[in-house]
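Here are the chains, one letter per residue:
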Amino acid sequence: MEITVSRSTVKQPEKIVGPTVTIINTDETITQEKDEQGNKYTLYSYTQYRFDLGEVELIQIGSLPSGAEWDEVLRSIEREYLYALAEKYTAKYRDDVADPDKLALWIAFKAAVRATVSQKTYPAKVTYPTRPE
């Protein structure tokens, strides 16, 4: 995983997924600048995350690549995966196999995952709720 802070006159896409890397650009700051001739142009400043193949999948299950540290962006990747998992099971127990008890467990799980951003050690360390069986 490589993280760089970049500045560009071209707005970068938020996420690009390809066969070898995933790039996520965040923290975009937009400023108006002037060149030597006084012409105005827009300058974008952002942080770019480049992941090697398989690294995003590891982050989704809570494992960081060597040398990386948890930050807001990496936690959001992990959280989005847990949200999607909860959505899959809430749909299953609401639509396919009506089971109100299991449905309630998965709804509570998703709410507890959402609440992890309030933990004092977030984003460096997060304690996630136990996934329902």
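Residues numbered from 1 in each chain as written. Predicted model: local features only at pLDDT ≥ 70, side-chain atom pairs only at ≥ 80, totals over all residues. Heavy atoms only, no water.

(A) Fine view of the pattern of salt bridges. On inspection of all chains with the given rule, the structure shows three salt bridges. A salt bridge links Arg 75 to Glu 78, with the nearest nitrogen and oxygen atoms 2.7 Å apart. In this pair, Arg 75 and Glu 78 both sit in helix α2 (residues 72-96), three residues apart, roughly one turn of the helix. Using a relative accessible area of 5% as the deciding quantity, one classes Glu 78 as buried. Residue Lys 110 is joined to Glu 87 by a salt bridge in which the shortest nitrogen-to-oxygen separation is 2.3 Å. Of this pair, Lys 110 sits in helix α3 (residues 100-115) while Glu 87 is found in helix α2, placing the two residues 23 residues apart along the sequence. Since its relative accessible area comes to 40%, Glu 87 is described here as partly exposed. (Salt bridge = Lys/Arg side-chain N within 4 Å of Asp/Glu carboxyl O. Helix = DSSP H or I, 4+ residues; strand = E, 2+ residues; numbered from the N terminus. Buried < 20%, exposed > 50% of the residue type's maximum accessible area, 1.4 Å probe, protein only.)

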